[in-house]
Amino acid sequence: MTSEDDATKPEGDRPLDVRSYLVAVLARWRWIVGAGLTGVVVAVLLAGSSAPVHRSTTTLYVGAAQITEVTDPAYAAQVTTEVLPSLVRLARSAAVLAPVIADLELPGSPSALAERTDVVGDADTSVLVISVDDGSPATATRIAAAVARSLTERATALYADTDGDTLVRLATVQEAAALPTAVAPDHRRAVAGGLLGGTVLAVLLAGAAELTRPRVRDARDVAATTDRPVLAELRRAGRRRTDAPDRRSAVDRLRWELADAPGPGVVLVGAPTEPADDLRAALAPAPAARPGGVVVVVRSGRTTRTDLHRALASATALGTPVRGVVVDDLPADPTGWRQRLRSATAPGAADRPAWRTTSGLTALLAVLLVGASRPLPGSLSTGLAVVLALSPVWLGAVARYRGARLLGGLTGVALLAGWVLAGRSSVDHDFALAEAVGTTAVVLTAAGTVGLLLWARTLVPTPALGAVYALGLLAVGVLTGAGAEEFYKFHVALPLTVAVLALLSARPRPGPTLAALAVLGVLDVLNDARSAFGFCVLAAALVLWQARTASRSPRERRLLTLALLPALAWGGYTAITELLVSGALGSEVAARTSTQIAQSGSLLLGGRPEWTATWALMRQDWWGFGLGTVPSAGDVAVARSGLATTRIPTVEGYLENYLLAGRFELHSIVADLWSNLGVAGLLLGAATAAVLLRSVLELIGLGRASGLACFLALTAFWDLAFSPLPANAPYTALTLGLLLAPAAGWAARPAPGTSAATSAPEPATERVPTPTGAPAPPPDRTT
């Protein structure tokens with residue numbers, strides 16, 4: 001994208017780099033150790049003081065009720081693959097637990113009881129194991145038996161044929177024991193949780209402390225602090241070496257610049273030791289009162305800006321002229337273990353590619369870990385831990401991208417509104433703390449992922465980030481989804497497509513990208529991934545459109561694309577529907593598509609009927625419900641009335657077992673944001689779509705939208721409207737992180753997600769600033 005030349009813009013809000021962050025953590029290692037030990041002690045005390053818990057277990061066998069017709073054996077085979085997992089979710093839903101609470105006159109809500117109920121299905125033996133924890137042994141036994149009875153009654157009613165005969169049989173294999181087993185506190189889990197929580201908190205505080213006292217790292221920081229000239233910036237390669245060629249030449253140049261003046265004095269700021277031998281010889285130190293004035297020497301990464309400002313102010317107060325400032329990268333004392341670690345993480349040669357530095361490798365590893373995020377106890381995740389741990393590093397990069405601060409501010413306001421709405425709804429709704437924490441964690445992880453990717457883009461080429469993130473998603477999908485029904489559709493299709501398109505996005509010609517989209521589209525059709533097939537077709541159309549309009553001006557292309565998108569969406573939907581119904585993509589796909597259209601009148605409404613329930617709920621209470629709010633019977637009735645317009649016969653079970661099964665799961669990111677975060681969440685969803693649309697139009701207008709950018713944008717628009725928040729927030733965060741355009745003044749390179757056809761960006765290398773001024777900020781690393 002075109003941008004203003006801000007090569008001389010002072011950078012007072014530079015983000016904290018990984019090296020400085022690591023140095024800050026190492027310098028405060030006592031904080032880390034003390035906080036970790038404190039967390040362990042607190043966790044053990046809490047676990048030891050908790051009330052004793054007893055667990056009662058009931059085991060049910062699940063099988064087909066009868067096999068009398070030709071198709072019954074096929075249905076019986078589906079019991080373990082489809083019915084059993086559905087019953088596991090049903091057993092912890094309000095539809096099963098609410099009658100239990102009413103019959104036994106238990107205190108609390110269905111969601112609170114669900115947190116004490118564990119249900120495990122064994123596909124090999126086709127049994128359900130229901131375990132209930134309670135402080136009273138007798139109460140635990142009564143609840144376990146009641147949950148088994150309620151589940152049997154509910155399953156019998158749900159899985160009934162047109163004649164009213166049940167298709168599923170649940171038989172009790174093991175009754176709840178009269179004397180439940182005592183459950184001892186899990187001290188190992190408590191120790192691990194306390195150690196992790198205390199350590200992460202201390203690391204974050206160390207980063208926050210570093211942000212409040214920024215340090216001088218190079219000439220840019222000196223320029224942001226004072227107008228005194230930078231006489232030299234002395235760097236080193238690898239470990240402590242004063243014979244590096246770049247350093248020798250810089251010292252010689254400094255000696256030459258000071259040769260015609262009386263010997264200056266030396267003021268060391270931020271280090272208690274003498275200057276390095278080569279620097280001492282160049283400066284020929286003399287008393288500070290000599291006419292030559294003083295040269296202020298600061299230690300890179302050790303001297304704070306406040307220290308430098310005070311030193312300069314003291315010299316001015318004494319009437320001593322300051323010749324300039326020298327930034328020296330040598331450590332003050334390399335003998336200790338912390339100093340050796342700092343030395344190992346110091347920046348290397350000036351021509352080293354940015355992705356090979358400590359910051360670049362950290363960015364790649366962090367993106368991989370976030371993509372491969374796994375759940376942790378307490379509704380948290382490893383991805384959230386990574387983005388929180390690196391938040392002092394990436395927070396400073398958010399302001400460099402257009403729309404990022406707006407989305408970040410709306411996220412904070414929406415989360416606050418979600419908790420306020422939860423208090424409002426608690427008057428007539430149950431509240432599930434675990435659900436509230438889980439949804440908050442999902443939103444925070446998505447926001448942190450966007451910030452992490454924006455920072456990583458200043459160091460690593462965008463295609464590499466997309467490929468690494470997709471590799472993490474693909475690894476998790478393969479490991480967790482192997483053997484599952486529709487494995488390719490739900491676990492492989494999207495990450496594989498992103499990885500392939502990311503690797504091809506640097507190609508100068510669209511041919512390889514179009515070929516890859518064609519092959520991936522065929523794989524999607526063969527595996528019933530109809531929406532993914534549609535995205536491939538539309539992404540290919542956008543790539544071709546961009547190539548065909550190459551002769552037009554950027555403004556014309558943006559306006560034409562804006563007008564084209566609705567027509568492309570409608571035309572693509574109509575054409576793909578006809579293609580699916582015709583049987584050209586397979587008889588099974590055609591049969592399913594025809595059934596959905598016959599029942600609801602359109603493929604979109606038949607495949608995604610959830611918005612009818614959402615509209616009904618919005619008309620009932622447009623403010624939303626709040627984080628952790630459990631749907632009431634009235635909410636279920638309202639949603640049922642909305643879904644009735646779709647005329648889908650199986651919608652009743654879908655409503656109670658998924659959409660409103662203990663939480664609001666409306667199968668749309670925007671709808672889920674509204675139900676959990678209220679009107680502020682709805683604004684957050686709308687702002688996300690608007691910012692993304694602007695970025696995509698700008699990329700296409702400049703002719704730099706790769707197949708990856710087009711595919712991710714189309715997927716994100718679909719997910720915002722028709723995909724659930726927990727499962728698809730990672731893809732939307734990836735799209736925003738890779739496609740947000742740099743803000744004016746920071747865009748020294750082509751926009752992200754671009755192909756190399758229209759631009760030839762320089763290699764992603766770190767620049768050494770010139771000693772006489774403040775250089776341009778780090779560029780956005782794209783290829």
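Residues numbered from 1 in each chain as written. Predicted model: local features only at pLDDT ≥ 70, side-chain atom pairs only at ≥ 80, totals over all residues. Heavy atoms only, no water.

A. Quick look at the side chain of aspartate 635. Inspection of the secondary structure puts aspartate 635 in helix α26 (residues 633-643). Arginine 424 is the oppositely charged side chain nearest to the buried, salt-bridge-free aspartate 635, at an N-O distance of 9.8 Å. Only 3.0 Å separates the side chain of aspartate 635 from the backbone nitrogen of serine 632, close enough to count as a polar contact. Residues in contact with aspartate 635, not counting those within four places in the same chain, are His429, Leu617, Gln620, Phe625, Leu660 and Phe664. (Helix = DSSP H or I, 4+ residues; strand = E, 2+ residues; numbered from the N terminus. Buried < 20%, exposed > 50% of the residue type's maximum accessible area, 1.4 Å probe, protein only. Lys, Arg positive; Asp, Glu negative; His and termini not counted. Salt bridge = Lys/Arg side-chain N within 4 Å of Asp/Glu carboxyl O. Polar contact = N/O pair within 3.5 Å; in protein donor to acceptor, adjacent residues only side chain to side chain. Contact = heavy atoms within 4.5 Å.)

B. Representation of the packing of helix α14 (residues 382-389) against helix α17 (residues 433-456) within the structure. For the pair α14 and α17, the least separation of the axes is 9 Å and the interaxial angle reads 50 degrees. With respect to α17, the element α14 is oriented oblique. Of the two elements, α14 crosses α17, and the hand of that crossing is left-handed. Counting all contacts with α14, which are made through Gly383, Leu384 and Val387, the residues of α17 involved are Ala441, Leu444, Thr445, Gly448, Thr449 and Leu452. Looking at side-chain class alone, the contact of α14 with α17 contains five nonpolar, four polar and no charged residues. (Axes fitted to C-alpha atoms, helices over the stretch in contact; angles between N-to-C directions. Parallel < 35°, antiparallel > 145°, perpendicular 65-115°, else oblique. Left-handed = near helix turned anticlockwise from the far one by under 90°. Nonpolar A, V, L, I, M, F, W, Y, C, P; charged D, E, K, R; others polar.)

C. Representation of the side chain of threonine 614. Topologically, threonine 614 is positioned in helix α25 (residues 610-620). Other than its neighbours up to four places away in sequence, threonine 614 contacts Leu666 and Ala671.

D. How the structure looks around a nonpolar patch on the surface. A contiguous nonpolar surface patch, about 370 Å² in accessible area, is contributed by Val519, Val522, Leu523 and Leu526. Tracing the sequence through the fold places leucine 523 in helix α20 (residues 511-526). (Patch = residues over 30% accessible without salt bridge, like charges linked within 9 Å, V, L, I, M, F, W, Y side chains within 5 Å. Areas by Shrake-Rupley, 256 points an atom, 1.4 Å probe, with all protein chains shown as cover.)

E. A look at the pairing of strand β6 (residues 230-234). For β6, a buried count of five out of five residues is recorded, marking the element as mostly surrounded by other parts of the structure. As judged from the four bridges shared by β6 and strand β9 (residues 322-328), these two strands associate in the parallel manner. By the bridge assignment, leucine 234 is partnered in β9 with aspartate 328. (Pairing = 2+ DSSP bridges.)

F. The arrangement of the nonpolar core in detail. Counting residues in hydrophobic clusters, the biggest one holds 94 residues, and the most contacted among them are Leu452 and Trp455. It is helix α28 (residues 669-701) that provides the largest number of residues to this core, a total of 13 residues. The residues contacting leucine 452, other than those within four sequence positions of it, are Ala366, Val367, Val370, Val387, Leu390 and Trp394. Grouped together as the second largest cluster of nonpolar side chains are 29 residues, Leu90, Val96, Ala144 and Ala155 included. (Core = buried A, V, L, I, M, F, W, Y, C linked by side-chain atoms within 4.5 Å.)

G. The pairing of strand β1 (residues 53-64), seen in detail. Bridge analysis of β1 against strand β5 (residues 181-183) gives three bridges, and the strand direction is antiparallel. When the sheet's bridge partners are listed, histidine 54 is paired in β5 with alanine 182. With eight bridges joining them, β1 and strand β3 (residues 127-134) adopt antiparallel strand pairing. Paired with serine 56 across the two strands is valine 132, which belongs to β3. Across six bridges, the pairing between β1 and strand β4 (residues 168-174) is antiparallel. Considered in β4, the bridge of leucine 60 is made with threonine 172.

H. Layout of unusual backbone geometry. Unlike most non-glycine residues, serine 126 shows phi in positive territory, near 60 degrees. Examined against the element boundaries, serine 126 turns out to sit in the loop between β2 (117-122) and β3. In this structure, histidine 667 takes a positive phi of about 60 degrees despite not being glycine. Looking at the element boundaries, histidine 667 is found in the loop between α27 (651-659) and α28. With a relative accessible area of 14%, histidine 667 lands in the buried category.

I. Expanded view of the packing of helix α13 (residues 358-371) against α14. Their axes nearest at 8 Å, the elements α13 and α14 cross at an angle of 150 degrees. When the axes of α13 and α14 are compared, the pair comes out roughly antiparallel. Crossing of α13 against α14: the hand is left-handed. Residues Ala366, Leu369 and Val370 of α13 touch α14, and the partners they reach there are Gly383, Val386 and Val387. Of the residues that constitute the contact of α13 with α14, the class distribution is five nonpolar, one polar and no charged.

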